[in-house]
Amino acid sequence: MTTHVKPLRKRAAWEALQAHYKKIQALHLRTLFANDPGRGERMAAGAAGIYLDYSKNRITDETLRLLVQLAEESGLRERIDAMFRGEKINITENRAVLHVALRAPREASVLTDGRNVVPEVHAVLDRMTDFSNRIRQGEWRGHTGEPIRNIVNIGIGGSDLGPAMAYEALKHYSDRRMTFRFVSNIDGTDFTEAVHDLAPEQTLFIVSSKTFTTLETMTNARTARAWLLKGLGGDEKSVAKHFVAVSTNEAEVKKFGIDTANMFGFWDWVGGRYSMDSAIGLSTMLAIGPDNFRTMLNGFHQMDEHFRITPFERNLPVLMALLTIWYTGFFDAHTVAVLPYDQYLRRFPAYLQQLTMESNGKYITLDGMKVDYQTSPIYWGEPGTNGQHSFYQLIHQGTRFIPCDFIAFDTSLNPLGQHHDILMANVFAQAEALAFGKTAEQVKAEGTPDWLVPHRVFEGNRPSNMIMAERLSPEILGKLVALYEHCVFTQGVIWQIDSFDQWGVELGKALAQRIVPELESEAEPELAHDSSTNNLIHRYRRGKSGL
């Protein structure tokens, strides 16, 4: 597939942005605000209960105009329409990209290959709802007649990061009578610690693997099966009462011992990192209940609609994406810090790492050409205020240029005295300090000795977005995730890459499958790797055998 869009550097808007950057690169946010007293109110946008203040970015009205022009020249409107129409925009795998169908209302129509997929989506949601209600109400009993009190989700990548993040984010709404654990790492420690204090007769495992062949997931699943059987006297029939599957491979699910009536499917038009609102979210529904889960889906859908129909200059995902394009393409920004000022969102930056970097960590365009510009930056972060006492020093006074996304809420879910006011004072202060800094004159006016002045100067002019909502709810979480999903999509369109494949993940997996038997064979294997890998394998085998 080829596109009619010019290469990025040859688009008129890009060339205009290059000239524009030279004019304003030295312009300080102090000056921008001094010259435009209303900037803080004017450079803000709201949609679906999300408020975005983007005024503390190193941009002018002309910058925004040119960035919006770049989006238009990149064919963004056509690509958005193509995605929502169910066209196969994941060209290297010849697949539609329809995570938006996962949260479409029951009466909606979303087509792919001429078929409306919404009824299938809601059929699975209805089955998930029935199953969740039975577990939560104690109707589903384990092999010994005990109710289920422990849920262990076994997956990796999108089958783990989304559910684990959502559980932490929505813990306030979860059923506290139940314990939720998440196992993903092939390191045996992950499984061992997850089940250390659990009773097998009260434990249900959700095995999340589309193919039911993923090495890490199935290794952990087999270990879970052995753990269960050991705890329940070895009765194979117990497996069906303590395991369910999120998969499409009915034969392997049945072979494992899971009743296929308790298999929840999804589709090849759902990428793993876009799947937390599919059956992959079964653990989320079990934790917060079907009603809250559907409220979360409604939040996703509201942001989908905003993204689909809103003009680019007021479109929140588009604005955020364009700012990232601006900083990576012209300011040589290599990272973006995501800084949620809510402890429940402590796993949100980790979730975004897969969403952003697996999607846009590409150096080949849709036309098969190597890019000559930066694509995805590195996303990272921790909750505030913890980060302020560790890495914020680098953001404020380091040599790296790091745009920041602050996320905060008007109301705390756990109001305790002054806590929330102090938390919010800190997030506002950090954004202000990054933008405006502290001049040498200001430092001297405080009576600071001359020799100490340079150490206490803050250059400022370090950009940030402020993303706010009333409170963290299932609906708002859906909107936040969709906000970043569509931001990633917009970036990919402008960079002209396929945001929905992940071939870079495959090579290491294939090599690992080759190396596993070389580590486990009793006879010394004939190795044909490079000298370093061969030596490391020999060294591991000697250490493993105690030689």
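Model, not experiment: these values are computed from the prediction.

Take the overall build of the chain next. Across its full length, the chain holds 22 helices and 13 strands. For the chain, whose C-alpha radius of gyration is 25 Å, the value lies close to the compact-globule estimate of 24 Å for 547 residues. Oriented by its inertia axes, the alpha-carbon framework of the chain measures out at about 75 × 60 × 60 Å. Taken over 547 residues, the chain has a buried fraction of 54%. Summarising the internal contacts of the chain: among those between residues at least 6 apart in sequence, 73% fall at separations of at least 24.

Applying the stated criterion to the full structure yields 26 salt bridges. A salt bridge links R294 to D126; its shortest N-O distance comes to 3.0 Å. Placement of the pair is R294 in helix 13 (residues 290-309) and D126 in helix 6 (residues 118-136), with a sequence separation of 168 residues. Its relative accessible area of 25% is what places R294 among the partly exposed residues.

Turning our eyes to something else, we now look at the sheet that holds strand 5 (residues 150-154). Taken in spatial order, the five strands of this open sheet run 6-5-7-8-9, and their pairing is parallel. Each edge of the sheet is formed by a strand with only one pairing partner; in this case those strands are strand 6 (179-183) and strand 9 (263-264). Summarising the sheet, strand 7 (residues 203-208) and strand 8 (residues 243-246) pair through four bridges and their orientation is parallel. Bridging from a neighbouring strand, S208 pairs with V246 of strand 8. Of the strands in this sheet, strand 5, strand 6 and strand 7 touch helix 7 (residues 158-169), which is tilted by about 150° from strand 6. Against the sheet, helix 9 (residues 215-231) touches strand 5, strand 6, strand 7 and strand 8, its axis set at about 160° to strand 7.

Applying the stated criterion across every chain, the model contains 29 aromatic pairs. Centroid distance F131 to W140: 5.1 Å. Interplanar angle 80°. Geometry classified as edge-to-face. Note on accessibility: F131 and W140 belong to one class, buried. When the centroid spacing of 5.8 Å and the interplanar angle of 40° are considered together, the rings of Y167 and F182 count as tilted. Here Y167, found in helix 7, pairs with F182, found in strand 6; they are 15 residues apart in sequence, far enough to count as distant.

The strand order 1-2-13-12-10-11 describes an open sheet built from six strands, whose pairing is mixed. On the outer flanks of this sheet lie strand 1 (44-47) and strand 11 (378-380), each paired with one strand and no other. On average, each strand axis in the sheet is tilted by 15° relative to the strand beside it, whichever way the strands run. Relative to strand 13 (residues 464-469), strand 2 (residues 50-53) is paired through three bridges, and the arrangement is antiparallel.

Those places that UniProt annotates as "active site" (unreviewed entry) correspond, in this numbering, to E358, H389 and K509. A maximum C-alpha distance of 37.4 Å among these annotated residues, which run over 152 residues, shows that they spread across the structure rather than meeting at one spot. With respect to the secondary-structure elements, E358 resides in helix 15 (residues 348-360). You can call E358 partly exposed: its relative accessible area is 22%. When neighbours within four sequence positions are excluded, E358 is seen to be in contact with R273, Q353, D501, Q502 and V505. Among the polar contacts made by the side chain of E358, one reaches the side chain of R273 at a distance of 2.8 Å. Note that K509 resides in helix 21 (residues 506-520).

Let us look at unusual backbone geometry. Residue G384 is joined to T385 through a cis peptide bond whose omega torsion reads 10°. Note that T385 resides in the loop between strand 11 and helix 16 (392-397). The phi angle at Q496 is positive, at roughly 65°, despite the residue not being glycine. On the secondary structure map, Q496 appears in the loop between helix 20 (474-495) and helix 21.

As a further point, take the domain arrangement of the chain. We note that the domain assignment places domain 1 (13-95 + 294-495), domain 2 (103-293) and domain 3 (506-545) within the chain. Distance between the C-alpha centres of domain 1 and domain 2: 33 Å. Of the residues lining the interface, 34 residues belong to domain 1; the matching set on domain 2 comes to 34 residues. Taken as a group, R294, L297 and Y344 account for 24% of the area that domain 1 buries against domain 2, more than any other trio of residues on that side. For the pair domain 1 and domain 2, the number of links is six salt bridges.

For H486, the position within the fold is in helix 20. Taking the relative accessible area as the measure of exposure, H486 reaches 0% and is therefore buried. Among the polar contacts listed, one links the side chain of H486 to the side chain of D304, at a separation of 2.7 Å. Apart from the residues lying within four places of it in its own chain, the contact partners of H486 are M83, V100, R103, M303, D304, F307 and P317.

Helix length check: helix 9, at 17 residues, gives a terminal C-alpha distance of 24 Å against a target of 24 Å (1.5 Å per residue), a fit within 8%. Every buried residue of helix 9 is listed here: T217, M218, N220, A221, A224, R225, L228 and L229. One or two steps after helix 9, the chain reaches G233, where phi turns positive at roughly 80°.

A word on the pairing of strand 7. Burial analysis of strand 7 places six of its six residues in the buried class, which makes it a mostly covered element. Alternating positions in strand 7 separate into two faces, T203, F205 and V207 on one and L204, I206 and S208 on the other, with burial throughout. Here strand 5 pairs with strand 7 via five bridges, running parallel. Note on strand 7: the bridge partner recorded for I151 is L204.

Reading the values: the criteria
Residues numbered from 1 in each chain as written. Predicted model: local features only at pLDDT ≥ 70, side-chain atom pairs only at ≥ 80, totals over all residues. Heavy atoms only, no water. Helix = DSSP H or I, 4+ residues; strand = E, 2+ residues; numbered from the N terminus. Rg over C-alpha atoms; globule rule 2.2 N^0.38 Å. Buried < 20%, exposed > 50% of the residue type's maximum accessible area, 1.4 Å probe, protein only. Contact = heavy atoms within 4.5 Å. Salt bridge = Lys/Arg side-chain N within 4 Å of Asp/Glu carboxyl O. Pairing = 2+ DSSP bridges. Axes fitted to C-alpha atoms, helices over the stretch in contact; angles between N-to-C directions. Phe/Tyr/Trp six-rings, centres within 6.5 Å; stacked < 30°, edge-to-face > 60°. UniProt positions renumbered as here; feature names shortened; annotations may be inferred. Polar contact = N/O pair within 3.5 Å; in protein donor to acceptor, adjacent residues only side chain to side chain. Domains from an automatic or database assignment. Buried area = accessible area lost by both parts, 1.4 Å probe. Expected span 1.5 Å × (residues − 1).

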